[in-house]
Amino acid sequence: MNSQTSRADDEFTVGASRECTVIADVTRTQIVQFAGASGDYSPLHTDEPRALGAGYPSVMAHGMLAMGAAERLLAEWVGRERLMRYRVRFVSPVWPGDSLYAIVTVLDVRGNPQSSYVDLDVRTINQHGVTVLSGSATARI
């Protein structure tokens, strides 16, 4: 969905939500590719023996990988160019093999006829229902 697409006013009512799978299966390849794109080559993301030695079960995905994946749902619903603010907290690690599901819920709709905004709750859970990311966003509608 882009900014040219018309949206019904009732699409953004308090409690309305959208959800989707944003990564069906986090792979080591995705993690390494993200390391290359971000420049973050921390051994906890790229070196299995070092991650195991630090007490982790495997390398972990970058938090920003999960954040970027969740942003896809925001972009599809409100339009990337309308996104004014997006903040998250990384709650639990994301491991290779995890599936990530983003859930975005309308918390508030505010403004006036010239400029309206929607405040959103953003959450990403893994296949076990564990929250890996929580946050908020504001978009112009």
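Quantities reported herein were computed from a predicted structural model and do not represent experimental measurements.

The rules behind each value
Residue positions are given per chain, counting from 1 as you read along its sequence in written order. Only residues with pLDDT of 70 or above have their local features reported here, since the model is predicted, and side-chain atom pairs are shown and tallied only from 80 upward, although totals for entire chains, interfaces and linings are computed over all residues. With hydrogens and water excluded, all non-hydrogen atoms of the structure serve as input to the side-chain values. Comment: elements are numbered from the N terminus, with helices defined as DSSP H or I runs of at least four residues and strands as E runs of at least two. Each residue is assigned to one of three classes by its accessible area relative to the maximum for its type, calculated with a 1.4 Å probe on protein chains only: buried under 20%, partly exposed between the two thresholds, exposed over 50%. It only takes one pair of heavy atoms within 4.5 Å for two residues to be counted as in contact. Here, nonpolar core refers to any group of buried Ala, Val, Leu, Ile, Met, Phe, Trp, Tyr and Cys residues whose side-chain atoms link them within 4.5 Å. DSSP-based pairing: two strands are paired if at least 2 bridges between them are found. Every axis corresponds to a line fitted to the C-alpha atoms, with the helix fit spanning only the stretch in contact, and the corresponding angles, defined between N-to-C directions, vary from 0 to 180 degrees. N or O atoms closer than or at 3.5 Å make up a polar contact, with two conditions inside protein: a donor-capable atom paired with an acceptor-capable one, and, for residues adjacent in sequence, both atoms drawn from side chains.

Caption draft 1: Broad picture of the overall build of the chain. Each helix and strand counted, the chain has four helices and five strands in total. From first element to last, N terminus to C terminus, the chain shows the α and β order β-α-α-α-α-β-β-β-β. If you line up the chain on its principal axes, its C-alpha atoms span 55 × 30 × 20 Å. In the chain, which comprises 141 residues, the share counted as buried stands at 38%. Long-range pairs, those at least 24 residues apart, make up 64% of the contacts in the chain between residues at least 6 apart in sequence.

Caption draft 2: Representation of the environment of Val 132 within the structure. Examined against the element boundaries, Val 132 turns out to sit in strand S5 (residues 131–140). C-alpha separation for the pair Val 132 and Ala 102, spaced 30 residues apart in sequence, amounts to 9.9 Å.

Caption draft 3: Representation of the nonpolar core. Grouped together as the largest cluster of nonpolar side chains are 32 residues, with contacts concentrated most on Leu 74, Trp 77, Val 78, Tyr 86, Leu 100, Leu 120 and Val 122. For this core, the element with the highest residue contribution is helix H4 (residues 63–78), accounting for nine residues. For Leu 74, the residues in contact, after removing those within four places along its chain, are Gly 79, Leu 83, Tyr 86, Val 104, Leu 120, Val 122 and Ala 137.

Caption draft 4: The environment of Ala 66, seen in detail. Relative to the elements of secondary structure, Ala 66 occurs in helix H4. Its relative accessible area of 4% is what places Ala 66 among the buried residues. Spatially, the C-alpha atoms of Ala 66 and Phe 34 are 11 Å apart, while their sequence positions differ by 32 residues. Other than its neighbours up to four places away in sequence, Ala 66 contacts Val 94, Leu 100 and Leu 133.

Caption draft 5: Structural context of the sheet that holds strand S1 (residues 17–23). Strand order across the open sheet formed by five strands is S1-S3-S4-S5-S2, with antiparallel pairing between neighbours. A strand with exactly one partner marks an edge of an open sheet, and here the two such strands are S1 and strand S2 (83–90). Each strand axis lies, on average, 20° off the axis of its neighbour in the sheet, ignoring direction.

Caption draft 6: A look at the side chain of Glu 11. The residue Glu 11 is located in the segment before S1 in this model. Of note is the side chain of Glu 11, whose polar atom sits 2.6 Å from the side chain of Arg 18. Of the polar contacts made by the side chain of Glu 11, one reaches the side chain of Trp 77; its length is 2.9 Å.

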